[in-house]
2 protein chains.
Amino acid sequence: MTTPRQPYYAVIFTSKQSKNTTGYANMAKKMEILAKQQDGFLGMESVRSNIGITVSYWASLNAIKQWKQHSEHVLAQQRGRAVWYDWYRVKICKVEREYEF
Amino acid sequence: MTTPRQPYYAVIFTSKQSKNTTGYANMAKKMEILAKQQDGFLGMESVRSNIGITVSYWASLNAIKQWKQHSEHVLAQQRGRAVWYDWYRVKICKVEREYEF
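- Labelled according to an unreviewed UniProt entry, chain A appears under the name Antibiotic biosynthesis monooxygenase, originating from Mangrovimonas spongiae.

## With respect to the overall build of chain A
Phase 1 of the analysis: Each helix and strand in chain A was counted, giving three helices and four strands.
Phase 2 of the analysis: Counting from the amino terminus, chain A carries its helices and strands in the arrangement β-α-β-β-α-α-β.
Phase 3 of the analysis: Computed over its C-alpha atoms, the radius of gyration of chain A comes to 14 Å, within 12% of the 13 Å expected for a compact globule of 101 residues.
Phase 4 of the analysis: Considering only C-alpha atoms, chain A reaches an extent of 40 × 30 × 20 Å along its principal axes.
Phase 5 of the analysis: When burial is assessed residue by residue, chain A has 45% of its 101 residues classed as buried.
Phase 6 of the analysis: Of the roughly 5,500 Å² that chain A leaves accessible, carbon and sulfur atoms contribute 49%.
Phase 7 of the analysis: For chain A, the distance from the average position of its 15 positive side-chain charges to the average position of its 8 negative side-chain charges is 8 Å.

## Some thoughts on the pattern of salt bridges
Residues and elements named next belong to chain A.
Phase 1 of the analysis: Going through the model one piece at a time under the given rule, you end up with six salt bridges over all chains.
Phase 2 of the analysis: Note that Lys-36 and Glu-32 form a salt bridge whose closest N and O atoms lie 3.0 Å from each other. Linking Lys-36 with Glu-32, this pair stays in helix α1 (residues 24–36), spanning four residues, or about one helical turn.
Phase 3 of the analysis: Among the residues examined, Lys-36 registers a relative accessible area of 47% and is labelled partly exposed.
Phase 4 of the analysis: Accessibility expressed as a relative area gives 25% for Glu-32, which makes it partly exposed.

## Considering the relation of the copies chain A and chain B
Phase 1 of the analysis: Each copy superposes on the other: chain A lies on chain B with an RMSD of 0.0 Å after a rotation of 180 degrees and an axial shift of 0.0 Å. Read as a symmetry element, the transformation amounts to a two-fold axis.

## Some points on the packing of α1 of chain A against helix α3 (residues 71–84) of chain A
Residues and elements named next belong to chain A.
Phase 1 of the analysis: At a closest axis distance of 11 Å, the pairing of α1 and α3 adopts a crossing angle of 150 degrees. The angle between α1 and α3 places the two elements in the roughly antiparallel class. As α1 runs across α3, the sense of the crossing is left-handed. Between α1 and α3, the residues in contact are Tyr-24, Met-27, Lys-30, Met-31 and Leu-34 and Glu-72, His-73, Ala-76 and Trp-84, respectively.
Phase 2 of the analysis: In terms of residue class, the contact of α1 with α3 is built from six nonpolar, one polar and two charged.

## So, the packing of aromatic side chains
Phase 1 of the analysis: Scanning all chains against the criterion turns up 18 aromatic pairs over all chains.
Phase 2 of the analysis: Taken together, a centroid distance of 5.3 Å and an interplanar angle of 40 degrees make the contact between Phe-13 of chain B and Tyr-88 of chain B tilted. A residue pair is termed long-range when its members are at least 10 positions apart, and Phe-13 of chain B in strand β1 (residues 8–17) and Tyr-88 of chain B in strand β4 (residues 85–100) qualify at 75 residues.
Phase 3 of the analysis: Under the relative-accessibility criterion, Tyr-88 of chain B is labelled buried at 6%.
Phase 4 of the analysis: Between Trp-58 of chain B and Trp-67 of chain B, the aromatic rings sit 6.4 Å apart at their centres with planes inclined by 25 degrees, giving stacked as the arrangement. Considered together, Trp-58 of chain B and Trp-67 of chain B belong to a single accessibility category, that of buried residues.
Phase 5 of the analysis: By way of ring pairs, the aromatic residues Phe-13, Tyr-24, Trp-84, Tyr-85 and Tyr-88 of chain A together with Phe-101 of chain B are connected into one cluster.
Phase 6 of the analysis: Stacked on the ring of Tyr-99 of chain A, the Lys or Arg Lys-68 of chain B has its end atom at 4.8 Å from the ring centre.
Phase 7 of the analysis: Above the face of the Trp-87 of chain B ring, Arg-89 of chain B is positioned so that its terminal group lies 4.2 Å from the ring centre.

What counts, and where the lines are drawn
- Residues numbered from 1 in each chain as written.
- Chains lettered and ligands numbered in written order.
- Predicted model: local features only at pLDDT ≥ 70, side-chain atom pairs only at ≥ 80, totals over all residues.
- Heavy atoms only, no water.
- Helix = DSSP H or I, 4+ residues; strand = E, 2+ residues; numbered from the N terminus.
- Rg over C-alpha atoms; globule rule 2.2 N^0.38 Å.
- Buried < 20%, exposed > 50% of the residue type's maximum accessible area, 1.4 Å probe, protein only.
- Areas by Shrake-Rupley, 256 points an atom, 1.4 Å probe, with all protein chains shown as cover.
- Lys, Arg positive; Asp, Glu negative; His and termini not counted.
- Charge placed at Lys NZ, Arg CZ, Asp CG, Glu CD.
- Salt bridge = Lys/Arg side-chain N within 4 Å of Asp/Glu carboxyl O.
- Least-squares fit on C-alpha atoms with pLDDT ≥ 70 in both.
- Axes fitted to C-alpha atoms, helices over the stretch in contact; angles between N-to-C directions.
- Parallel < 35°, antiparallel > 145°, perpendicular 65-115°, else oblique.
- Left-handed = near helix turned anticlockwise from the far one by under 90°.
- Contact = heavy atoms within 4.5 Å.
- Nonpolar A, V, L, I, M, F, W, Y, C, P; charged D, E, K, R; others polar.
- Phe/Tyr/Trp six-rings, centres within 6.5 Å; stacked < 30°, edge-to-face > 60°.
- Lys NZ or Arg CZ within 6 Å of the ring centre and 35° of its normal.

What follows is the structure in structure tokens.
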């Protein structure tokens, strides 16, 4: 993600998939498209191999809260807990400084 | 990573490897071992496929600064910029809240 003006927030989502991945890829793609349409969405980076790490970036804590409560996202979260994930962890963080090469 | 007492800090390191990965795996392993020995180190999660995302967790901003300035780590960073990475980005964040499933 290119650097937005600070301050902004990062949501670090780490997860371990269960053996049942039926429907997961479609839902993940749908949620990515939907997230990008939300007010305050700044960017997203995602990688999965043994575990998955997705970091999304947001303009405010309120934007994160709105996205967490978005009706379609709530359904995806429920499905995730019921079917797709053995575990997941969410950390909401304020980006304090950054640099790049 | 299991949840430490808050507040604490996360360093989000995203990177794109270059085509030359000679010596990279050994150095990455060495740096992981060394990071774990540092004061204030709390944990680390790392995944790589198309890009890499490594998130390390620290007790304080000072612990992060000390690790950034560690002599062996400085050499690894120089080597990384010279050889192993097309680009990388580092974001230093304060973990404000978290939850898990």
